[in-house]
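# Observations on the model geometry
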Amino acid sequence: DQQVKQNSPSLSVQEGRISILNCDYTNSMFDYFLWYKKYPAEGPTFLISISSIKDKNEDGRFTVFLNKSAKHLSLHIVPSQPGDSAVYFCAASDTGTYKYIFGTGTRLKVLA
Amino acid sequence: SQTIHQWPATLVQPVGSPLSLECTVEGTSNPNLYWYRQAAGRGLQLLFYSVGIGQISSEVPQNLSASRPQDRQFILSSKKLLLSDSGFYLCAWSGSQERGGANVLTFGAGSRLTVL
C-alpha cells in the first residue's frame, strides 16, 4: 500500500523556467510534509517542509503548496537551474507516530 | 554542530554472510533514529525506527534487525544476507534540529551494500 505517491518518474525543464513536482498521499493522519533532494550515492538533503495547518511555505526559490482536501502537495522551483538536476522525494509524517513515509521520487533534469 | 555518521560507505558481501552497519549522531540527545533502504530504481523504504534506547519498531518483516545500544547509536544487522538485501542503506535522525525544527529528518551519507 503506497501511502505517498509521486506519479511522474521524470521531468525535464528549461533553465530559468518553473519546475513543478507533484505528490499525492492517502493517509489523512499525515500532518507534516517534506521535500528532499538526492544525488546518486548520497543521502537525501532536506529542502523545505510544511505543516498541515498551512497551505503554502516559501524558502528562496522553493515553494511548497499543500491542498489537504485533495491530499496533494507540490514543490515549485523558480527559476530552475542546472544544479537543481537531481531526484526529488516527497515525504509525509504522522508526527504522533514518528514515522516518515517517502514517495518513489521524481528525477528532475534542468536543461541549460 | 549536529552531524550524523554512518559506516562503512561501501561493502561487498557474499550470500549467507553477516552484516553490521553502524550509525551515530553527534550534537544532540535523545534523537529519533531511522534506517531506510533504497533498492535500485526504487523509493526510500522505512525499515526500522527507534524513539529511545532499546526501543525498536520494525516496518518490514525480513532477515534484518536493528539495535540501539546507546542513545545516539543505531545498528543494522543481519545474520545471513540474501541477494535481495543489496541496496543503498540510509540512517537518519529527527529531534532538536538546528535547521528546520524537530520534525525534519536528516540523513547520513549512506552505505552501499552489494550481496553476491
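For the structure, check the block above.
Residues numbered from 1 in each chain as written. Chains lettered and ligands numbered in written order. Predicted model: local features only at pLDDT ≥ 70, side-chain atom pairs only at ≥ 80, totals over all residues. Heavy atoms only, no water.

## Points about the overall build of chain A
Regarding its fold elements, chain A presents zero helices and eleven strands. Reading chain A from its N terminus to its C terminus gives the helix and strand order β-β-β-β-β-β-β-β-β-β-β. What you see for chain A is a C-alpha radius of gyration of 13 Å, in line with the 13 Å of a compact globule of 112 residues. The principal-axis extents of the C-alpha atoms in chain A amount to approximately 40 × 30 × 20 Å. Looking at the 112 residues of chain A, the share that counts as buried comes to 46%. Counted over contacts in chain A with a minimum sequence separation of 6, partners at least 24 positions apart contribute 54%. With the model as given, the accessible surface of chain A reaches about 5400 Å², and the carbon-plus-sulfur share is 48%. Each charge sign in chain A was given a centre, from 12 positive and 10 negative side chains, and these centres are 4 Å apart. (Helix = DSSP H or I, 4+ residues; strand = E, 2+ residues; numbered from the N terminus. Rg over C-alpha atoms; globule rule 2.2 N^0.38 Å. Buried < 20%, exposed > 50% of the residue type's maximum accessible area, 1.4 Å probe, protein only. Contact = heavy atoms within 4.5 Å. Areas by Shrake-Rupley, 256 points an atom, 1.4 Å probe, with all protein chains shown as cover. Lys, Arg positive; Asp, Glu negative; His and termini not counted. Charge placed at Lys NZ, Arg CZ, Asp CG, Glu CD.)

## Points about the environment of L66 of chain A
All names here are of chain A. Tracing the chain through its elements places L66 in strand β7 (residues 62-67). Of the residues examined, L66 reaches a relative accessible area of 7% and is grouped as buried. Residues L66 and Y32 lie 34 residues apart in sequence; the distance between their C-alpha atoms is 10 Å. Not counting chain neighbours up to four residues away, the residues in contact with L66 comprise Y25, F33, I50, S51, S52, K54, D55, H72 and L73.

## Quick word on unusual backbone geometry
Residue and element names in this part refer to chain A. Look at the link from V78 to P79: it is a cis peptide, with omega at -15°. On the secondary structure map, P79 appears in the loop between β8 (72-77) and β9 (86-94). The backbone phi angle of Y98 is positive, close to 70°, even though this residue is not glycine. Its location among the elements puts Y98 in the loop between β9 and β10 (99-102).

## A word on the side chain of S17 of chain B
Residue and element names in this part refer to chain B. Position of S17 relative to the elements: it lies in the loop between β2 (10-13) and β3 (19-26). Taking the relative accessible area as the measure of exposure, S17 reaches 11% and is therefore buried. Among the polar contacts made by the side chain of S17, one reaches the side chain of Q13 at a distance of 3.4 Å. In this view, S17 contacts K79, K80 and L81; residues no more than four positions away in its chain are not counted. (Polar contact = N/O pair within 3.5 Å; in protein donor to acceptor, adjacent residues only side chain to side chain.)

## A word on the environment of L21 of chain B
All names here are of chain B. Here L21 is to be found in strand β3. Counting along the chain gives 57 residues from L21 to S78, while the straight-line C-alpha distance between them is 9.3 Å. Those residues within four positions of L21 in sequence are excluded, and the remaining contacts are W7, P8, L11, W35, F74, I75, L76, Y89 and S111.

## Points about a nonpolar patch on the surface
Together, I18, I20 and V78 of chain A make up a nonpolar patch on the protein surface, roughly 220 Å² of accessible area in all. Within the element layout of this structure, V78 of chain A appears in the loop between β8 and β9. (Patch = residues over 30% accessible without salt bridge, like charges linked within 9 Å, V, L, I, M, F, W, Y side chains within 5 Å. Salt bridge = Lys/Arg side-chain N within 4 Å of Asp/Glu carboxyl O.)

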